[in-house]
Amino acid sequence: MKRTWYSYPYIVWMAIFIVVPFLLLLFYSFTVSTDEGIKFTLDHIKRLWDPIYLMVLLRSINLAIICTVICLVIGYPVGLILASKEYSSKKVLALLFVIPMWINFLLRTYAWMTLLEKGGLVYTILEFLHIPNSQLLYTDQAVVLGMVYNFLPFMVLPIYSVLTKLDKSIVEAAEDLGANYITVLRRVIIPLSLPGVISGITMVFMPAVTTFIISRLLGGGHYILVGNLIEQQFMVVGDWNFGSAISFVLMVIILISMGVLRKYDEGHEGGAIW
Amino acid sequence: MSEPIIRLVNISKDYDGTEALKNINLYIRKNEFLTLLGPSGCGKTTTLRIIAGFEQPDSGEVYFEGKNITNLPPYKRKVNTVFQRYALFPHMNVAENIAFGLKIKKMDKKTIDRKVAEMLELVNLKGFEKRYVDSLSGGQQQRVAIARALVNEPEVLLLDEPLGALDLKLRKGMQIELKKIHKYLGITFVYVTHDQEEALTMSDTIVVMKDGTIQQIGTPEMIYNEPKNSFVADFIGESNIVPGRMIKDSLVYFAEREFKCVDSGFNHNEEVDVVVRPEDIKLVPEDQGMLQGRVESVTFKGVHYEMMVRSAGYEWMIHSTVMEPVGSRVGLSIMPNDIHIMKKVSTE
């Protein structure tokens, strides 16, 4: 019996909300409407070559990389702890990581604004401890903090899920053959959990590089990341062609970097989400 | 008799309130092939894991060559383990798997290569160096696991049901091979299995376990011929076990009559279990038998027939190369030294 028709609603959904917008994006990126009608052009892409825009792009990628690295450094040990024997029976800690995800993303980010602003909780505590803190809100650090806070679960969860699936007897075999914990970690656990690490990196890097809410709220009104730039072109300037062109270039950059990561992961077994 | 290489003293272990091991005392002699045998949940694997260091006993001590190693982590122990499901490293090829322990000991590459080649030869896997483990069959993976453990030249090799996942024919072959390897290397093997036949074939010493306690320790012949209680008798090979009563030394009452036997040292009229192996009951013409009965069923088993005979209120299992058809009347004859008298075990 054929059941393929079950998937039709999803296919329709994808067509309307993914394929069509993507085609529109391509259309706007490479066309210009003149008096003589619509013409193919590379001008929008070329415009991005302007140092001002390149700087924005580089800064976005830079911050996204910093955020991803911090998430990995914090997230891997957390995944290890969550997956360890002592905690795997109690789901409390895992739940603690998931609960913030139930709360609206915007609310969580607004909450950080109140915490970081002058006279806010963090500000007051630092002042009390006599740690110099002229400005907390509206800095690179605040933006990175907001991104790490919001995206950390996306790093922890895939790592955690790969680690819990790891056959415990493989770890025991390594110990049995004379490996202490550090060696087991280096030679067995980390290599075998790479698929989780890679999907974690993907799931943090992609939203981090395109974010515009976090940078707007925690970076201030003049703080421009590539996400803000795109948003501006559509919402403020009304230049859909240039907005689409930036989106297109960003998409290409992301696809290439993911392709490289995926190549690196080849030969390992699944666990990756995509 | 050589000195024990491993001694377990008063070992107890609890898993969430259930007692996995109750006060185990055991010593393992150098170079012997010792098998921990018992049904699942009897504590045999836990015992092995305590020797390997993966589990800590709640009480009691583990001694290795006279030194207390109870709290020593696994990576500092001079034992290596062959795991039930092989536990090979999936991200390494065969040679890298086998070399794992040697690389940790920081041996030079030449020595490692030589030792790996030797091991592959020993387990008949020459030419498999570069193969990845998931491309190997179960039997081949098992050989890699054995080679990976043995290459470290452990004093004691621990094997946790290593042949459990293999089919019968392969298992028989591996049993013989393991026995050969044991003889060739001359090290101590501690082997865990629930397969009594495997235990009888391979071991120098068998430790029969049940519910976290040791039931009997002995050579395969001792365990088979003189089981200490009805559990061991039943678990090791097939047995007819019926209740009986000792009249006096060398005379026992069961199945509604008296039998001569060879056991002594019981109280007068003590209630006992009487164990008779199916192959020890002879089929004779009805009027010459000690017991009379009717053949209820016959099953062909290859070498012998298995017949169930109803007599004196019991079903007797009899193994014989001569077949009596279903429904025929037969006599049963049992020799005195084939009757094994056992103290009644307190009800489970």
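Residues numbered from 1 in each chain as written. Chains lettered and ligands numbered in written order. Predicted model: local features only at pLDDT ≥ 70, side-chain atom pairs only at ≥ 80, totals over all residues.

1. A look at the overall build of chain A
Reasoning step 1: For chain A, the count of helices and strands is 13 helices and two strands.
Reasoning step 2: Its C-alpha atoms give chain A principal-axis dimensions of roughly 75 × 70 × 35 Å.
Reasoning step 3: When burial is assessed residue by residue, chain A has 31% of its 274 residues classed as buried.
Reasoning step 4: Considering only contacts in chain A between residues 6 or more positions apart, those separated by 24 or more positions represent 72%. (Helix = DSSP H or I, 4+ residues; strand = E, 2+ residues; numbered from the N terminus. Buried ≥ 20, exposed ≤ 12 C-beta atoms within 10 Å, placed from the backbone. Contact = placed C-beta atoms within 7 Å.)

2. Considering the overall build of chain B
Reasoning step 1: For chain B, the count of helices and strands is eight helices and 20 strands.
Reasoning step 2: Relative to its 348 residues, chain B shows a buried fraction of 41%.
Reasoning step 3: Restricting to contacts in chain B with at least 6 residues of sequence separation, those with at least 24 account for 65%.

3. Brief notes about the domain arrangement of chain B
All names here are of chain B.
Reasoning step 1: Domain boundaries assigned for chain B yield domain 1 (4-230) and domain 2 (238-343).
Reasoning step 2: Once you take the C-alpha centre of each, domain 1 and domain 2 turn out to be 39 Å apart.
Reasoning step 3: With four residues of domain 1 in contact, the opposing surface of domain 2 contributes six residues.
Reasoning step 4: Residues belonging to the side of domain 1 that touches domain 2 are distributed by class as follows: one nonpolar, two polar and one charged. (Domains from an automatic or database assignment. Nonpolar A, V, L, I, M, F, W, Y, C, P; charged D, E, K, R; others polar.)

4. Considering the environment of methionine 290 of chain B
Residue and element names in this part refer to chain B.
Reasoning step 1: Tracing the backbone shows methionine 290 in the loop between strand 15 (281-284) and strand 16 (291-300).
Reasoning step 2: Under the C-beta neighbour-count criterion, methionine 290 is labelled partly exposed, with 19 such atoms within 10 Å.
Reasoning step 3: Each C-alpha atom of the pair methionine 290 and leucine 332 lies 5.7 Å from the other, and the pair is 42 residues apart in sequence.

5. Looking at the interface of chain B and chain A
Reasoning step 1: Tallying the contact residues gives 16 residues for chain B and 15 residues for chain A.
Reasoning step 2: Of all the secondary structure elements, the ones that give two or more residues to the side of chain B that touches chain A are strand 6 (79-82) and helix 2 (94-104) of chain B.
Reasoning step 3: Per element, the largest residue contribution to the side of chain B that touches chain A is three residues, and it comes from helix 2 of chain B.
Reasoning step 4: Considered class by class, the residues forming the side of chain B that touches chain A number nine nonpolar, five polar and two charged.

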